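A structural walkthrough
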Protein chains: 2
Amino acid sequence: MTVTDDWIDRIPDVGEELERSSTAERVADKLRALVIDGALAPGTRLSEEKIRQKFKVSRNTLREAFRLLGHERLLVHEFNRGVFVAKPTLADVVDLYRVRRPLELSAVRGAAHAPQAAVRAVGAAVEEGERAESRGDWWGIGTANMHFHEAIGRLSGSPRIDEVMHQLLAELRLVFHAMAAPREFHAPYLGENREIYDSLAAGAFDEAADRLAEYFDAAERQLVEAFSGGRGVTTR
Amino acid sequence: MTVTDDWIDRIPDVGEELERSSTAERVADKLRALVIDGALAPGTRLSEEKIRQKFKVSRNTLREAFRLLGHERLLVHEFNRGVFVAKPTLADVVDLYRVRRPLELSAVRGAAHAPQAAVRAVGAAVEEGERAESRGDWWGIGTANMHFHEAIGRLSGSPRIDEVMHQLLAELRLVFHAMAAPREFHAPYLGENREIYDSLAAGAFDEAADRLAEYFDAAERQLVEAFSGGRGVTTR
DNA sequence: TATTGGAGTATTGTTCAACAACTCGGCGAC
DNA sequence: GTCGCCGAGTTGTTGAACAATACTCCAATA
């Protein structure tokens, strides 16, 4: 009411930042980390009672957390039987790539409209991977690879695509746990990631997309092979 | 044991069919229908106590249902404040199309690999829309349009894409409730849907995709307009 | 020997009641 | 007109209870 009053409009929308989290969400976060890091092997049954004791929350809250992770497909809820760590099948692997392909490719092809910061984030993920390799951190290479593809998805500037990508990649980590030799999987793609990024940074979007498409073909083929040959076809 | 024992392998995988559903899921189904049909206007607050009385379930079960619908983005859960029927903003509309575009277009472009039944389902949705129009059922036209695009998504043969599409379209119904004149929105596109299908059925996949792309541009433009001009920019 | 049936146990599904933590609106002090 | 406080109402979380279902083991049977 005094002199100017429109400064309020210039404050950059703090919005959701100060979200407090519910207990269920925090429990879900912990559980998610355990699943993704492989501490809980695919197929493991999560007993309500035992987990409840570990986390010291009520059964109801725990069940809410289970629901959350179920929606992310990291856990599967079988009625009256309990929740299990998801155990991706060959069909799941193929399906994951069926979703990633159109989303990531279109993100790259339309990257002309993406902000510079988003492109740079892709580069940062590439470097993260290279650093991890130089210190022999194979799990770090995998993480960096996830970040790389997450950054690519972010090029499209869509929160919903971000979320879908995030979920898909979390599921993919499960796939790695379920397959035969996860250690050597990511390293070969470090070079390709850099090439994709270089094309991208140079504005050669279609070229980057073509390279990415090749990556998809190769990676999917390798995964399918690991599943069929490796260590028994996750019978399920 | 006796003569032949492999008949068991020939039984066509009854699998998931006989899934029993939890109470929470049934409640979620009812609520979803209410939201989609517009019985609950966007922005409405859903009091736990009142809904609980209506549905005669416990508060815990109800909260589980809320969580489910929250994940579908039909409800938004504000911590310590309650759940509200989602109120899509202009940004949401744009985002929805950002996701639909790559998914549906790639589904159509790759429809050569889709089974005939999937293509026929697209045609069935077209006819469903034409029937609805002939009897002046404008809401039915909208439903048929949803089915049309859901069928298109199904061309890609990916369960995950199916699920994403289903959610996106449910959200889109919310958009219609939030905008100015939903009645007249769908009818103009009936003709285009048929053309897209005809191209598809004729095996002209790229042509079908191009038509679909035009549809996206037009529909998004119209929706954005309805949001900006119509009845105040859903301030939020 | 292999299969079926059933009792008992463990686990999940759902409800209920209680209390803590928080939001919202109003009222009074300044 | 702003600030702070109080109280009513709602949500968040817990714990206990009971019903419904699945799992295990053992005996009966063919």
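Up top you'll find the structure we're talking about.
Residues numbered from 1 in each chain as written. Chains lettered and ligands numbered in written order. Predicted model: local features only at pLDDT ≥ 70, side-chain atom pairs only at ≥ 80, totals over all residues. Heavy atoms only, no water.

1. Section: the protein's contact with DNA strand D
Using the following cut-off: Neighbouring residues are identified by heavy atoms, a residue being near a molecule or strand if any of them is within 4 Å of it. The term polar contact refers here to a pair of N or O atoms within 3.5 Å; inside protein, the definition further demands a hydrogen-donor-capable atom paired with an acceptor-capable atom, and it admits residues adjacent in sequence only when both atoms are side-chain atoms. A run of H or I in DSSP becomes a helix once it reaches four residues, and a run of E becomes a strand once it reaches two; helices and strands are each numbered from the N terminus. Only Asp, Glu, Lys and Arg are considered charged in this grouping, and only Ala, Val, Leu, Ile, Met, Phe, Trp, Tyr, Cys and Pro are considered nonpolar; every other residue, Gly among them, is considered polar.
Around DNA strand D, a shell composed of 21 residues is seen, among which T23(A), T61(A), R81(A), R45(B) and R63(B) lie nearest. Among atoms of DNA strand D positioned within 4 Å of the protein, sugar and phosphate together represent 73%. Here R59(B) contributes a side-chain N or O atom positioned 2.7 Å from a base nitrogen of DNA strand D. Within the backbone of N80(B), one N or O atom sits 3.2 Å away from a phosphate oxygen of DNA strand D. When contributions to the surface near DNA strand D are tallied by element, the ones reaching two or more residues are α4 (59–71) of chain A together with α4 (59–71) of chain B. Considered class by class, the residues forming the surface near DNA strand D number two nonpolar, eleven polar and eight charged.

2. Describing the interface of chain B and chain A
The parts lose accessible area when they come together, and the size of an interface is often stated as this lost area. To keep things clear, this is the line we draw: The contact criterion used is simple: two residues touch if any of their non-hydrogen atoms lie within 4.5 Å. Accessible area that two parts lose when put together, with a 1.4 Å probe and added across both, is what the buried area reports. One speaks of a salt bridge when a side-chain nitrogen belonging to Lys or Arg is within 4 Å of a carboxyl oxygen belonging to Asp or Glu.
On the side of chain A, 31 residues touch chain B, which itself brings 32 residues to the contact. Buried area between chain B and chain A, both sides added, is near 2,900 Å², and the carbon and sulfur share of it is 48%. Among the residues chain B hides against chain A, the three largest losses belong to R67(B), H71(B) and R160(B). Together they make up 27% of the total. In this structure, the connection of chain B to chain A is made through twelve salt bridges. When the shortest N-O distance is used, the salt bridge between E163(A) and R73(B) registers 2.6 Å. The element best represented in the side of chain B that touches chain A is helix α5 (residues 90–109) of chain B, accounting for eight residues. For the side of chain B that touches chain A, a count of residues per class yields ten nonpolar, nine polar and 13 charged.

3. Here we look at the relation of the copies chain B and chain A
Both copies of the chain are tied together by a single rotation about an axis and a shift running along it. Using the following cut-off: The fit set for superposing copies consists of C-alpha atoms from residues with pLDDT of at least 70 in both; the fit itself is least squares.
The two copies are related by a screw motion: chain B maps onto chain A through a turn of 180° and a shift of 0.0 Å along the axis, at an RMSD of 0.0 Å. Those values place the two copies in the arrangement expected of a two-fold rotation axis. Residue P102(B) of chain B places its C-alpha closer to the rotation axis than any other residue of that unit, at 2.9 Å. When you check the interface residues of chain B against chain A, 94% turn up at the interface there too, and the contact is symmetric in its surfaces.

4. Comments concerning empty space enclosed by the protein
The method is simple in principle: a probe with the dimensions of a water molecule rolls over the atoms, and the space it marks as empty is what remains. Put simply, the rule reads: A cavity here means a set of points on a 1 Å grid, drawn over the protein atoms and nothing else, where a 1.4 Å probe fits but cannot get out; a pocket is an open set with protein on both sides within 12 Å along at least five of seven lines, and a residue lines either one if it has an atom within 4 Å of a point. Grid points are joined across faces, edges and corners, and a volume is the space filled by probe spheres set on the points.
In the structure shown here, the tally under the stated rule is eight cavities of 30 Å³ or more. Considered as a void within the structure, the largest cavity measures approximately 320 Å³ in volume. Around the largest cavity, the lining comprises 17 residues; the ones closest to its centre are V164(A), Q167(A), E163(B), V164(B) and Q167(B). Grouping the constituent residues of the lining of the largest cavity by class yields five nonpolar, four polar and eight charged.

5. Let's talk about the protein's contact with DNA strand C
DNA strand C sits among 23 residues. The nearest are R45(A), R63(A), T23(B), T61(B) and R81(B). A breakdown of the atoms of DNA strand C within 4 Å of the protein gives sugar and phosphate a share of 71%. At 3.4 Å from a base nitrogen of DNA strand C is found a side-chain nitrogen or oxygen belonging to R59(B). Among the secondary structure elements, those contributing two or more residues to the surface near DNA strand C are β1 (45–46) and α4 of chain A together with α4 of chain B. Residue composition of the surface near DNA strand C, by class: four nonpolar, eleven polar and eight charged.

6. Observations regarding the sheet that holds strand β3 (residues 82–85) of chain B
Residues and elements named next belong to chain B. So the rule is basically this: A pair of strands is treated as paired once DSSP finds two or more bridges between them. Throughout, an axis means a line fitted to C-alpha atoms (over the contacting stretch in the case of helices), and angles, computed between N-to-C directions, take values from 0 to 180 degrees.
The three strands are arranged β1-β3-β2 in an open sheet whose pairing can be described as antiparallel. Looking at the sheet topology across the chains shown, the edges are occupied by β1 (45–46) and β2 (75–78). Most of the contacts of α4 go to β2, to which it runs at about 115°, and overall it touches β1, β2 and β3.

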